[in-house]
Structure formats: C-alpha cells, structure tokens
Amino acid sequence: MLTAITREVSASLAKGELTFRDRTPIDIDLARRQHQSYEGALISLGVRIDQLPANDAYPDAVFVEDVALVLDEIAVVTAPGAASRVGEAESMAHAVAKYRPVKHLSGPATLDGGDVVRIGKTLYVGLSSRTNQSGIDQLGALLSPLGYTVLAVDVAGALHLKTACTYAGRGVLLANPEWAATNIFRDVEVLRVDAAEPWGGSVLAIGDSLVMAASFPRTRAALEARGFTVLPVDLSELQKAEGGPTCLSIVFDAPSG
C-alpha cells in the first residue's frame, strides 16, 4: 500500500539551515500541529504513515525527503548538501531498509532528495546549492542499470528543484520557470505559478489529488481550474524553515500487512 515515511518536528527546528528565506521566529507547537495536519491529509488519501521520532540534534530532520530516495527497486540514501544534515543518513538508512535494498551515495557527491523530480523512469535532478554534479553523476551510474534516466536541471533562486517545480500528474509540471530550467523537461506542459506566488510550485501528488501549502490560493485556483483536486494544508511555520509539502515525507508503494 502507499506508505509515507515522516519524522516528528525537532524542538530545534528554528536553528535549521536557511538559504533563501530570512530567519523569523517559529512557533514549534504550531509547527507540530501543522505537521500532524499534514499527516492527516495523507491518511485521508489512503496513505499509511511510518512516523520516525523527532531528532533534536538535527533541526532539519523533519524534512525527510532530502535524505533518501525510495524507488520501485531500491532506496538510495543521499549525501545531504548541508554539513549539518549528514548525520541524519544513518537513521534514515535503517528506516528505508525495511522496504527496499539500500544503496548509498558517497563523497565528493552531494545530493538532496528535494532536488529530484521523478516522472516515470526519468529523474530530473536540480543542480543547486545542495546538489552537485558529482551527486547527479553518481545517481545516474547507480540507476542506469535499472532503466532510469537521470538529467540535470539548473536551479537558481530556490533551495531545491522541488521548490521551483513539481510534477502534478496528467502531463502537467507546476513551475516557477524563473527558478529552474524547465525546458529540460520532456513531454510536459508547464503550468506557471501565479506571479504573486513565486514559492507556489511545490505540490505533492497522491493518486489523483495534490497536497499543497494553503498560502498559495491563486496557484491552487489555477490547478483546480485544470481539474485537479487540491488539499490545502497550513504549513506556515514549516515554510519559515524553507519546507514544503514534498520534503515532509517520502512516499512509495510498500507491501501491505
């Protein structure tokens, strides 16, 4: 069944890495309630939650997506681009090992899962402040024998590729083209975020529905006008830490029972 690995919010969240947002106070209790609402949205869509405990030693640990990719055949524990996050890899390797054989990237590679947009057997990987060319090359060498194609996408102005664009399904890439080279994407229609909502390109597709931060109503309306069902979730406190709906979970099919 569809499963999501999540992790509870660290008490130290406000001390996490920031690259493109100014540091503002974070209400940890509210962040935890918002995270619970996010998990509730996934559960409402038929997703089983495998929740890991908070790890206060790692402020950004709630953003589990950056530390591992779970594909149909294997799981890949990444090499996070922020030094403060490297220590998250060991516990994540144990978590994903329950579901897939585990492979690891290694230095000099850096790669955050938030830079990976998967469309079928093609993985578009953002060349960003957190992911380098060595990381993209290692991932490509690892996955090519399994039939995957890995393509690099230049990212500028955003932390991760998935900050700039995500695949909504039905051949539609929701994107802020100012932040990523969307011309690299094959056989998709680019639906631009509303000009007033440059951060609105991140949605999590679950079946026929999209989980989206509630702070982008204009972009949500554009998606709904195209026939998408959108579940808005208030993520205000997690957004202050440069988080969004994709980075809070690792979603994949797992055997039931």
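In case you missed it, the structure is sitting above this.
Because the structure is predicted, anything quoted here is derived from the model rather than measured. All residue numbers here refer to positions counted from 1 along the written sequence of the relevant chain. Residue-level local features of this predicted model are given only where pLDDT is at least 70; pairs of side-chain atoms are given and counted only at 80 or more, and the full residue set underlies all totals for whole chains, interfaces and linings. The side-chain figures draw on all heavy atoms in the structure; neither hydrogens nor water molecules are used.

1. Quick word on the overall build of the protein chain
Secondary structure elements follow DSSP: runs of H or I of four or more residues count as helices, runs of E of two or more count as strands, with numbering from the N terminus. Scanning the protein chain for helices and strands turns up six helices and 15 strands. Here the C-alpha atoms of the protein chain give a radius of gyration of 17 Å, agreeing with the 18 Å that 2.2 N^0.38 yields for 257 residues. Every one of the 257 residues in the protein chain was classed for burial, and the buried ones make up 53%. Counting only contacts in the protein chain whose residues sit at least 6 apart along the sequence, the fraction spanning at least 24 positions is 69%. Under the convention used here, a 1.4 Å probe and the Shrake-Rupley method define accessible areas, while residue burial counts only the protein chains that appear. When the accessible surface of the protein chain is totalled, it reaches about 10500 Å², and 51% of it is carbon and sulfur. Of note, the protein chain has its 22 positive side-chain charges centred 2 Å away from the centre of its 30 negative side-chain charges. For the radius of gyration, the atoms used are the C-alpha atoms, and the globule rule reads 2.2 Å times the number of residues raised to 0.38. Between buried and exposed lies partly exposed: a residue is buried under 20% and exposed over 50% of the maximum accessible area for its type, with that area taken using a 1.4 Å probe on protein chains only. By definition in these notes, contact holds between two residues if any of their heavy atoms fall within 4.5 Å. Under this rule, positive means Lys or Arg and negative means Asp or Glu; His and the chain ends count for nothing. In plain terms, the charge of a residue is placed at NZ if it is Lys, CZ if Arg, CG if Asp and CD if Glu.

2. Description of empty space enclosed by the protein
We place a 1 Å grid over just the protein atoms. Points where a 1.4 Å probe fits but has no way out form a cavity, open points with protein on both sides within 12 Å along at least 5 of 7 lines form a pocket, and any residue with an atom within 4 Å of a point lines it. Grid points are joined across faces, edges and corners, and a volume is the space filled by probe spheres set on the points. Scanning the entire structure with this criterion turns up two cavities of 30 Å³ or more. For the largest cavity, the calculated volume is near 300 Å³. Around the largest cavity, the lining comprises 25 residues; the ones closest to its centre are Thr163, Glu242, Gly243, Gly244 and Cys247. When residues are sorted by character, Ala, Val, Leu, Ile, Met, Phe, Trp, Tyr, Cys and Pro go into the nonpolar class, Asp, Glu, Lys and Arg into the charged class, and all the rest, Gly among them, into the polar class. Tallied by class, residues from the lining of the largest cavity come to eight nonpolar, eight polar and nine charged.

3. With respect to the side chain of Ser209
Tracing the chain through its elements places Ser209 in strand β13 (residues 209-213). What makes Ser209 buried here is its relative accessible area of 12%. Excluding residues that lie within four positions of it along the chain, Ser209 makes contacts with Leu45, Leu204, Thr229 and Leu231.

4. Quick look at the packing of aromatic side chains
Aromatic ring pairs are defined here through the distance separating the ring centres and the angle between the ring planes. Between 30 and 60 degrees the pair is tilted, below 30 it is stacked and above 60 it is edge-to-face, where a pair is any two Phe, Tyr or Trp rings, Trp via its six-membered ring, whose centres lie within 6.5 Å. For the structure on display, the rule yields three aromatic pairs. Both rings, one in Tyr99 and one in Phe252, keep their centres 4.9 Å apart while their planes meet at 65°; by these two values the pair is edge-to-face. With Tyr99 in the loop between α2 (89-96) and β5 (102-104) and Phe252 in strand β15 (residues 250-253), this pair connects stretches of sequence that are 153 residues apart. As far as the burial class goes, Tyr99 and Phe252 line up, both buried. Note that Lys121 overlies the ring of Tyr148, its terminal NZ or CZ placed 3.8 Å from the centroid. Here, a charge over a ring means that NZ of Lys or CZ of Arg falls within 6 Å of the ring centre while also lying within 35 degrees of the ring normal. Positioned over the ring face of Phe228 is Arg170, at 4.6 Å from the centre of the ring.

5. Focus: the sheet that holds strand β11 (residues 189-192)
Hydrogen bonds between backbone atoms are what pair the strands of a sheet, whose relative direction is either parallel or antiparallel. Pairing between strands requires that DSSP locate at least two bridges from one strand to the other. An order of β9-β10-β11 is seen for the three strands of this open sheet, with the pairing classed as mixed. The two strands at the open ends of the sheet, each matched to only one other strand, are β9 (165-169) and β11. On average, each strand axis in the sheet is tilted by 30° relative to the strand beside it, whichever way the strands run. Relative to β11, strand β10 (residues 172-175) runs parallel, the two sharing four bridges. By the bridge assignment, Leu173 is partnered in β11 with Val190. As a rule, the C-alpha atoms of each element are fitted with a line to give its axis, helices using only the stretch in contact, and angles between N-to-C directions run from 0 to 180 degrees.

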